[in-house]
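Letter by letter, the chains look like this.
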Amino acid sequence: MFRTRPTDDGDELLARLSSLTAQARELAQQQRSRVELAIALQRGMLPPDLPEVPGYRLAVRYAPACHGLNVGGDWYDAFTMPDGRLGLSIGDVQGHNIEATAFMGQVRVGLRALASVTGEPGELLTCTNDLLLSLGTDLFATCTFMRLDPATGILESARAGHIPHIWATADGRSGIAETRGGPPLGVLAGVRYPVTRHRLTTGGVFIMLTDGVVEGPTLNVDEGLDRVVRLAGAAAVAGMEAGALADAVLKVAERVGHEDDAAVLVVGHDRPGVQP
C-alpha cells in the first residue's frame, strides 16, 4: 500500500509568498501609472511657454508634490493681454488630489479668459471669485495677479489670500512687497480686492511664489521669505540670469520639511525705456 506524501509546508509557504509578491508588484505598477497620469495632467494644465518682451526676462520653476497621489493645485501663468500689457498670476488651490489639480486648471483658464474683459487686477479677482462661487465647489484658491506695462514699468497687483511677492533692485535694495489683500477666491461673495500700484524705476527682479517654497515643518514662512529676499537681493546686484535665480529660489523649498507643490515665477527687468 502506498502512502500519500504530506504537503511540503515550505513549498506551500514559498508559493504563497510568490503570489503575494506578484500582487504587490502589480499594485506598485498601478500606483506608478496613476502618479504619472496625475503629474501629466497637472503639467498639461500649465502654460507651455512664456511671453518674450524686450527689457524683461521671465523664468518659471515648478516642483509638483508627488507623494502617492498627492498632486497639488499650484499654478503659474504669464501672458500678453489685449492691450499689450503682461498678465502674471500665481496661486494655490486647497487640497492635494486630482480634484484640486482639475480645479487649478479652471482657475488659471478663468483668469486668462476674464483678463480679456477686465485687466484691472482687483476687478479681475472679483470676477474670478464670483465665477468660482457659481461653480458650487467646496474648493478655494489663493492667488496673486499682476498687470505690468512694459513701456512705463507700472506694476499693478492684487492678492486673494496669497503670500506677497518679493522684489529687489540693482542698486542693492530688496524686500517683501507691502500690498493689501483680500480673502481667497471662492470663499465669500461680493468681495472687492484692493490694488497696489508701483512703478519700476531701475533694473532688478521681482519674484512670485507659492507657500510650498517658503513654509513647512522645518521652516516658518517669515524665515522662508527672508531667505528668498536675500537671494533676490544678491541676484539683482550681480545681474543673475532669471532662470538661475528661479533655480536658487526653488532650492529653498527643499528645506521646508514637507512634500508640497512649489511654484516660482521670476521677472527680471531693466530700467524702463532702456533696451538691453
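Scroll up to find the structure this text is about.
On a predicted model such as this, the values are computed, not experimentally measured, just so you know. (Residues numbered from 1 in each chain as written. Predicted model: local features only at pLDDT ≥ 70, side-chain atom pairs only at ≥ 80, totals over all residues. Heavy atoms only, no water.)

Draft legend 1. Looking closely at the pattern of salt bridges. As enumerated under the stated definition, the model contains eleven salt bridges in all. In this structure, the salt-bridge partner of R85 is D83, at a minimum N-O distance of 2.8 Å. A relative accessible area of 23% means that R85 is categorised as partly exposed. In this structure D83 comes out as partly exposed when scored by relative accessible area, which is 47%. A salt bridge links D171 to R173, with the nearest nitrogen and oxygen atoms 3.3 Å apart. One network of salt bridges, in which partners are shared, links D83, R85, E120, R147, E156 and R197. (Salt bridge = Lys/Arg side-chain N within 4 Å of Asp/Glu carboxyl O. Buried < 20%, exposed > 50% of the residue type's maximum accessible area, 1.4 Å probe, protein only.)

Draft legend 2. Up close: the packing of helix 2 (residues 98–115) against helix 3 (residues 121–135). In contact at an axis separation of 10 Å, helix 2 and helix 3 are set at 135° when each is read in the N-to-C sense. On the basis of their axis angle, the class for helix 2 and helix 3 is oblique. The handedness of the crossing between helix 2 and helix 3 comes out as right-handed. Between helix 2 and helix 3, the contacting residues are F103, Q106, V107, G110, L111, L114 and A115 on the first element and L124, L125, C127, T128, L131, L132 and L135 on the second. A per-class count over the contact of helix 2 with helix 3 returns eleven nonpolar, three polar and no charged. (Axes fitted to C-alpha atoms, helices over the stretch in contact; angles between N-to-C directions. Helix = DSSP H or I, 4+ residues; strand = E, 2+ residues; numbered from the N terminus. Parallel < 35°, antiparallel > 145°, perpendicular 65-115°, else oblique. Left-handed = near helix turned anticlockwise from the far one by under 90°. Contact = heavy atoms within 4.5 Å. Nonpolar A, V, L, I, M, F, W, Y, C, P; charged D, E, K, R; others polar.)

Note that all results are geometric; they support no functional claim without further evidence.
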